[in-house]
Amino acid sequence: MLTYTELSRPEQRVWDGFAAGTPVDLRSGSAGPDDPRAGAGWGEERTVRAEVLRALLLGGSAGRLRLAGALITGELDLADSTVGGTITLEGCRFERPVVLRGASMRSTGLIDCWIPGLDGWLLQVDGNLFFQDSTIEGRLTLTRAHITGELRLSGVRLTARELVGVEAADDTARAAGIWALWAGGLVMDGGCFARHGFTARGGLRLVGAQFNGGLFMERATVDNPGGDALSGEDLTASTMMLSEGFTANGAIRLPGATVRSRLSLDGARLTGGPVSLDATRLRVGDLQLTTAAVPVGAVVLHEAQAAVLHDNEHSWPADTRLDGFVYGSLQLPPGGQGADGVAARLDWLDALTGYAPQPYEQLAAWYRKIGHDDDARRVLLAKQRRRRRTLSPLGRAWGLLLDGTVGYGYRPWQAGLWLLGLVAAGTTVFGRGTPSPVQPGQGAPFNPFVYTLDLLVPIGGFGQRTAWYWTGYHQWLGYGLIGAGWLLTTAVLAGVTRSLNRA
């Protein structure tokens, strides 16, 4: 049990200040010497033992610890304890990692401090937890912690334990399992702010975390090449802002995540590979994929659902996977909802890896929803043309016939153009010769126009084909028109059937 007389002069000041609720500032007033990152050489005049702070915080009195500029020696271990007072440590340097495992605390701030890691497994904070502008050289663990207020990480420089002492440019130590923040199952009632200046060397593990007040990481940087920058399987959040210059050197993984309002990657840079964004089965209200540059790795949205999708010319890398992706509304690219806009969307789908019908059907459903039926048919026609590439040579030949004659049933007017062209050609050629009657003196007079129609119509007739015959090249033209009539009729029937069945 510590007694007052055993305390050093700085410790006595802290003891007295805790009881009175007054701040204790041990800083010199000079920016360089007061920087906690260079505080390993601070002397006794700034040294406070961790056991003194523990004795104050667990002594039973509800005081307020407000300390600045101290070198805290030993291990501050508050594991499985209930801390009644509030804590504000500013510009302090910890000699050893902080242990808050299983602790119950009120609002706590470790602001602009240097900390060699912090273990907050099962930490309960009734209020806010602030780390802004601190340097944490070692893992920050908040697994299954519960914070009723805000978590502030803005300006924090966070380095995974495995990368402490490793140069930032040296990737030889990188691996998929290196984590700077380990916070699976974290429950945030307030917002989590890791904004301007937040940098992490190592990944952020947020599996199953709940951000009821939102996750805000505008202009933050997460650097974990070869691994995951952010792992958020089954994460839930009201809002998730990875925007305004947010940079992820590593994969962002959000399989099964739910973001009730907005997930924004507006102005973000995703440089991870081979996968930049894996949002399989994501459920989101407003998905903003308006990135600042084309993601380096794949974008995967298999079976994802978005009420509204926003994208731009940088959103989709060469390896984009959209099978099963459903959106209720789509912000169209420059060019609007006319032909240019549809062309841009078709280029988008044509660039997808492999063939899957669902992305085309989803886009067509969107165009039908907004009353653009012609655009919907154009998308479905493009689907059939893309599918044709996967068929056998015979299937491709049949597809070309359907496409050229009736546009797979989505352009039936093409059959009319073929019919007009064949009728014109036949009428012209047959009008320049004289046929022979099958039975002289019987039947209607020869009419080249009606005769051509009679050849083109496979069933029935107008009596001209059976009453007159030709020899020479006129005869071969007649055979050709008969064959063309059968092909045209077959294609029309197949195309109409396909269109009706939306195959």
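Residues numbered from 1 in each chain as written. Predicted model: local features only at pLDDT ≥ 70, side-chain atom pairs only at ≥ 80, totals over all residues. Heavy atoms only, no water.

Q: Sorry, what's going on with the overall build of the protein here?
A: Within the protein, the regular secondary structure consists of 10 helices and 36 strands. By the burial criterion, 49% of the 503 residues in the protein qualify as buried. A fraction of 45% describes how many contacts in the protein between residues 6 or more apart in sequence connect residues 24 or more apart. For the protein, the accessible area works out to roughly 21900 Å², and carbon and sulfur atoms hold 55% of it. (Helix = DSSP H or I, 4+ residues; strand = E, 2+ residues; numbered from the N terminus. Buried < 20%, exposed > 50% of the residue type's maximum accessible area, 1.4 Å probe, protein only. Contact = heavy atoms within 4.5 Å. Areas by Shrake-Rupley, 256 points an atom, 1.4 Å probe, with all protein chains shown as cover.)

Q: What am I meant to see in the confidence of the model for the protein here?
A: Interpretation of the predicted coordinates at a detailed level should be avoided for regions scoring low in pLDDT. On average, residues of the protein carry a pLDDT of 86, and 86% of them reach 70 or more. Within the model, pLDDT remains below 50 along residues 334-339, and this stretch shows nine contacts once partners closer than five positions in the same chain are excluded. (pLDDT = per-residue confidence, 0-100.)

Q: For this particular structure, what's the right way to read the pattern of salt bridges?
A: Side chains carrying opposite charge are able to pair once their charged atoms draw close together. Summed over the entire model, instances satisfying the criterion amount to 19 salt bridges. With a closest N to O distance of 3.1 Å, Asp-35 and Arg-37 form a salt bridge. Take Asp-35: its relative accessible area is 22%, and that puts it in the partly exposed class. What makes Arg-37 partly exposed here is its relative accessible area of 46%. Of the charged contacts in the structure, one is a salt bridge between Glu-162 and Arg-139, with a shortest N-O distance of 3.6 Å. Taken together, the residues span a long stretch of sequence, with Glu-162 in the loop between β16 (157-159) and β17 (179-182) and Arg-139 in the loop between β12 (135-137) and β13 (140-141) at a distance of 23 residues. Note on Glu-162: relative accessible area 34%, which makes it partly exposed. Overlapping salt bridges bring together Glu-11, Arg-49 and Glu-51 as one network. (Salt bridge = Lys/Arg side-chain N within 4 Å of Asp/Glu carboxyl O.)

Q: Quick question: what am I supposed to make of the packing of helix α4 (residues 357-369) against helix α5 (residues 373-388) here?
A: In helix packing, the relevant descriptors are the interaxial angle and the interaxial distance, both defined with respect to the helix axes. The interhelical angle for the contact between α4 and α5, taken along N-to-C directions, is 170°, at an axis separation of 7 Å. Taken together, the axes of α4 and α5 are roughly antiparallel relative to one another. On α5, the residues that touch Pro-357, Tyr-360, Glu-361, Leu-363, Ala-364, Tyr-367 and Arg-368 of α4 are Asp-373, Asp-375, Ala-376, Val-379, Leu-380, Ala-382, Lys-383 and Arg-386. Broken down by class, the residue content of the contact of α4 with α5 amounts to nine nonpolar, no polar and six charged. (Axes fitted to C-alpha atoms, helices over the stretch in contact; angles between N-to-C directions. Parallel < 35°, antiparallel > 145°, perpendicular 65-115°, else oblique. Nonpolar A, V, L, I, M, F, W, Y, C, P; charged D, E, K, R; others polar.)

Q: Looking at this structure, how should I read the nonpolar core?
A: Nonpolar side chains in soluble globular proteins tend to end up buried together. Counting residues in hydrophobic clusters, the biggest one holds 107 residues, and the most contacted among them are Phe-131, Phe-198 and Met-217. Here this core gets five residues from one element, more than from any other, and that element is α4. Discounting residues that sit within four places of it in the chain, Phe-131 has contacts with Leu-110, Ile-115, Leu-118, Ile-136, Leu-140, Leu-151, Arg-152, Leu-153 and Val-156. Counting five residues, the second-largest nonpolar core is a separate cluster that includes Phe-430, Tyr-451, Trp-468 and Leu-481. (Core = buried A, V, L, I, M, F, W, Y, C linked by side-chain atoms within 4.5 Å.)

Q: Quick question: what am I supposed to make of the environment of Gly-29 here?
A: Along the chain, Gly-29 falls in the loop between β1 (24-25) and β2 (47-49). Taking the C-alpha atoms as reference points, Gly-29 and Gly-69, separated by 40 residues in sequence, lie 9.7 Å from one another.

Q: Explanation requested: unusual backbone geometry in the structure shown.
A: The bulk of non-glycine residues show a negative phi, and the bulk of peptide bonds are trans. The backbone phi angle of Asp-80 is positive, close to 60°, even though this residue is not glycine. Position of Asp-80 relative to the elements: it lies in the loop between β4 (71-73) and β5 (86-90). Relative accessible area serves as the criterion here: at 65%, Asp-80 is assigned to the exposed category.

Q: I tried to follow empty space enclosed by the protein on my own but got confused; where do I start?
A: Any empty space left between atoms is shown by rolling a water-sized probe over those atoms. A complete count under the given rule lists three cavities of 30 Å³ or more for this structure. When the residues that make up the lining of the largest cavity are grouped by side-chain class, the tally is 14 nonpolar, no polar and no charged. The space that makes up the second largest cavity amounts to roughly 60 Å³. If you trace the second largest cavity, you find it lined by Leu-57, Leu-65, Leu-76, Leu-78, Ile-87, Leu-89, Val-98, Leu-100, Met-105, Thr-108 and Leu-110. Those elements that place two or more of their residues in the lining of the second largest cavity are β5 and β8 (104-111). Broken down by element, the lining of the second largest cavity gets its largest block of residues, three residues, from β8. Looking at side-chain class alone, the lining of the second largest cavity contains 10 nonpolar, one polar and no charged residues. (1 Å grid on protein atoms, 1.4 Å probe; cavity = no way out; pocket = protein on both sides within 12 Å on 5 of 7 lines; lining within 4 Å. Points joined across faces, edges and corners; volume = space filled by probe spheres on them.)

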